[in-house]
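Residue-level structural notes
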Amino acid sequence: MAEKFRSNPVPADMPRTADVVIIGGGPAGAAAAWAIDRAAPGTRIVVIEQSSQLAAGASLASLENFRTCWAAPCLHRMMQRSIHIFHHPDEFLGEGVKLGVKQQGYLFVGFKSADAERLRSDVEHLHRCGLTHVEYLDGDEVGRRYAWLKGRVLAAKYDPIAGWLDSNALVYAFARAAQNTVFLLDVRETRIRVVGGRVVGVDTANGAIDAPKVVIAAGPGARALGRGIGIEIPVVVRPRQSFTTPYRHAGFEEDSPCIISAAPFPHVRPEAGTGAIFAYEYRWNTHHTGDYPVRDKLEEPVYPVSQWKDPRFPSLTLGLMARQFGYAPGEGFADPRYLRGVDHRAGYYVYRDNATYALADGTRQPYDSQRAIVDRWPEVEGLFVSVAHVGHGIMSAPAAGEILAAHVLGQPLPDPAFADFGLDVPFVEHDMGGLSDNKVK
Ligand SMILES: Cc1cc2nc3c(=O)[nH]c(=O)nc-3n(C[C@H](O)[C@H](O)[C@H](O)COP(=O)(O)OP(=O)(O)OC[C@H]3O[C@@H](n4cnc5c(N)ncnc54)[C@H](O)[C@@H]3O)c2cc1C
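These notes cover the structure that comes with them. (Residues numbered from 1 in each chain as written. Predicted model: local features only at pLDDT ≥ 70, side-chain atom pairs only at ≥ 80, totals over all residues. Heavy atoms only, no water.)

A look at the packing of helix H1 (residues 27-39) against helix H6 (residues 167-177)
The cut-off we apply is this: The convention used is that axes are lines fitted to C-alpha atoms, helices contributing only their stretch in contact, and that angles between N-to-C directions extend from 0 to 180 degrees. A run of H or I in DSSP becomes a helix once it reaches four residues, and a run of E becomes a strand once it reaches two; helices and strands are each numbered from the N terminus. Note on angle classes: values under 35 degrees are labelled roughly parallel, values over 145 roughly antiparallel, values of 65 to 115 roughly perpendicular, and the remainder oblique. For any pair of crossing helices, the crossing counts as left-handed if the nearer helix is rotated counterclockwise from the farther one by less than a right angle, and right-handed if it is rotated clockwise. Residue contacts are defined here by distance: any two heavy atoms, one from each residue, within 4.5 Å place the two residues in contact. Charged means Asp, Glu, Lys or Arg here, nonpolar means Ala, Val, Leu, Ile, Met, Phe, Trp, Tyr, Cys or Pro, and polar covers whatever is left, Gly included.
The contact between H1 and H6 brings their axes to 8 Å, and the two run at 30°. Taken together, the axes of H1 and H6 lie roughly parallel to each other. Along this stretch, H1 crosses H6, giving a crossing that reads as left-handed. Across the interface between the two elements, Pro27, Ala30, Ala31, Trp34 and Asp37 of H1 pack against Val171, Phe174 and Ala177 of H6. Of the residues contributing to the contact of H1 with H6, the split by class is seven nonpolar, no polar and one charged.

Right, here's the structure in full:
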């Protein structure tokens, strides 16, 4: 009964009570357990994961990247805090923990004068926010630093405090570091129990747990959990794809930064020795050929998520990048060896769906926010959410865990800017758009 990880436990192996139950064992849930335990050692925590392993959601498809260059202060402070923790695993996660951190930078490139203008103004904005390590590079400087890009790029924005890590190692490091925490794996049909407007525990297919506090950290599963107790958690999901190739063309070296191309921002970084990993926020709804209606978001995920893999995605991405970087057929990103042995994946990005900004006439316009919701749920005592981590839930996990822990423990937020992750904060400047298009238009 002392095991920390219990798979499909028989009722006798189910904890009967806990101080906090966390539903979802991805980066958000595991980080929440770590941070609560760190802030209040001895808290009895139970994490419930429906799969047979932790980190069974979007992180399986992710590029595992991190960067500081976020335009909204709440986001860049969140990433700076998290990256500090990635750099000090011994101090924060335990002696000898290895996260496989590679800090090779992010290079956002542009090909036209409008791209160069956008990148320059992004860098000016980031400098005003104190992120003075982010550089604007002209095409010559890019060519000097990265010979394979010489003559192909007009300008770039470079974030040296950026890179990637092993997200599975991160999630399991959180889990191992969370001292007084039990992880229940392969446990389905979790339902929250609420009596008189107050959380009293959860029921699962394996048995019930009484607890005064429950955290929903279930990624795309959050809305369904909320609906089970009659609340609408304002999140929507969009499928996103990535693929790994065993090949990488000459010049694109193993120590290269992650390259973010111009709109629609396909990106690639070195992976697995000789290979590369690619992704972009592809217009899945208009390209998908299945039975689902063309909409740009889903309230609830549909499974298996693999149905969203468009078989054309790898060749479309490579074709787009070959065009943008000016490669002739057979060269660079147009080399057919990129398409041999591709490992293609899909996962859900989860977005907050209650962000709006004011128009001149006073009406409010919805927009796609990059801000997670990490907050207490106002109408149900003892209920908390850590959801809508969009495309950065790995790089933000440590800080998101600490914000959630502050709410659960009734402590002040670690940084006042983190109030922007509140459920009812409709608008935050520079919180719009995807990879580099962070401005309200
Ligand atoms: C293509 C792609 C690329 C990405 N690239 C990056 C990147 O480079 N850097 C980065 O930081 N992020 C990236 N992300 C985003 C990142 O993966 C997510 O933001 C992150 O995984 C969100 O963490 P989460 O814990 O909220 O949700 P998830 O990772 O989805 O985990 C949720 C967990 O909850 C479990 N669960 C769900 N419902 C229930 C339930 N009812 N009961 C019990 N368990 C449940 C799931 O099985 C899962 O294990 C990418 C995502 C995709 C799809």
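Topic: the nonpolar core
For clarity, the cut-off: Among buried residues, those of type Ala, Val, Leu, Ile, Met, Phe, Trp, Tyr and Cys that are joined through side-chain atoms within 4.5 Å constitute a nonpolar core. For each residue, the accessible area found with a 1.4 Å probe, counting protein chains only, is set against the maximum for its type, and the residue is called buried under 20%, exposed over 50%, and partly exposed in between.
Membership of the largest hydrophobic core comes to 57 residues, with the highest contact counts inside it found for Ile22, Met78, Leu93 and Phe421. Of all the elements in the fold, those that place two or more residues in this core are strand E2 (20-23), H1, strand E3 (45-48), helix H2 (73-87), H6, strand E9 (181-185) and helix H10 (397-409). Setting aside residues no more than four positions away along its own chain, Leu93 makes contact with Trp34, Leu99, Leu170, Ala173, Phe174 and Ala177. With 37 residues, the next largest nonpolar core counts Val46, Ile209, Ala222 and Ile233 among its residues.

Considering helix H9 (residues 313-325)
To keep things clear, this is the line we draw: Here a helix's expected span is defined as the number of its residues, less one, multiplied by 1.5 Å.
When the terminal C-alpha atoms of H9 are compared, their 18 Å separation across 13 residues agrees well with the 18 Å that a helix rising 1.5 Å per residue should span. Within H9 the residues assigned to the buried category are Phe313, Pro314, Thr317, Leu318, Leu320, Met321, Ala322, Gln324 and Phe325. Of the residues flanking the end of H9, it is Gly326, one or two places downstream, whose phi is positive at about 70°.

Some details on the environment of Asp13
Relative to the helices and strands, Asp13 is located in the loop between strand E1 (5-7) and E2. According to the relative accessible area criterion, Asp13 is partly exposed, its value standing at 27%. Each C-alpha atom of the pair Asp13 and Glu49 lies 15 Å from the other, and the pair is 36 residues apart in sequence.

Points about the site of the ligand
Test applied: For each residue, the test is whether any non-hydrogen atom lies within 4 Å of the molecule or strand; if one does, the residue is near. Polar contact is the term for a pair of N or O atoms within 3.5 Å; when the atoms are in protein, one must be able to donate a hydrogen and the other to accept it, and sequence-neighboring residues count only if both atoms are side-chain atoms. Values of accessible area rely on a 1.4 Å probe in the Shrake-Rupley scheme; residue burial ignores everything except the protein chains shown. Start and end points for every domain follow an automatic or database-based domain assignment.
Around the ligand, the surrounding shell holds 35 residues, and the nearest of these are Glu49, Asn65, Val390, Gly393 and Met395. At 3.0 Å from an oxygen atom of the ligand is found a main-chain nitrogen or oxygen belonging to Ala28. A distance of 2.8 Å is found between an oxygen atom of the ligand and a backbone nitrogen or oxygen belonging to Met395. Notes on the ligand: free accessible area 1000 Å², of which the protein chains cover 93%. At the level of secondary structure, the elements contributing two or more residues to the shell around the ligand comprise H1, strand E14 (235-245) and strand E18 (343-352). Among the residues making up the shell around the ligand, the classes are represented as 15 nonpolar, 17 polar and three charged. Split by domain, the residues of the shell around the ligand number at least three in each of domain 1 (5-95 + 167-234 + 353-421) and domain 2 (106-163 + 238-347).

Brief notes about the pairing of strand E22 (residues 383-387)
Under the convention used in this document: Whether two strands pair depends on DSSP finding at least two bridges between them.
Where burial is concerned, most of E22 is hidden: five out of the five residues are buried. The alternating pattern of E22 places Leu383, Val385 and Val387 on one face and Phe384 and Ser386 on the opposite face, and all of these are buried. Where strand E13 (residues 213-216) meets E22, three bridges bridge the pair, whose relative direction is parallel. If you follow Ile216 over to E22, its bridge partner there is Val385. Where strand E21 (residues 373-376) meets E22, four bridges bridge the pair, whose relative direction is antiparallel. The partner of Val374 across the bridge, within E22, is Ser386. Adjacent in sequence and paired antiparallel, E21 and E22 are bridged by six residues, among which Gly382 carries a positive phi angle near 90°.

Quick look at the sheet that holds E1
One open sheet accounts for seven strands, arranged E1-E9-E3-E2-E13-E22-E21; its pairing is mixed. Since the sheet does not close on itself, it has two edges, and those belong to E1 and E21, each with one partner. Mean inter-strand twist for the sheet, computed between neighbouring axes without regard to direction, equals 15°. Sheet topology note: the E3/E9 ladder contains four bridges and is parallel. When the sheet's bridge partners are listed, Ile45 is paired in E9 with Thr181.

What about the sheet that holds strand E11 (residues 198-204)?
What holds strands together in a sheet is hydrogen bonding between their backbones, with the strands either parallel or antiparallel. One open sheet holds the three strands; their spatial order is E10-E11-E12, and the pairing between them is antiparallel. A strand with exactly one partner marks an edge of an open sheet, and here the two such strands are strand E10 (191-195) and strand E12 (207-210). Between one strand axis and the next, the sheet turns through 30° on average, direction left out of account.

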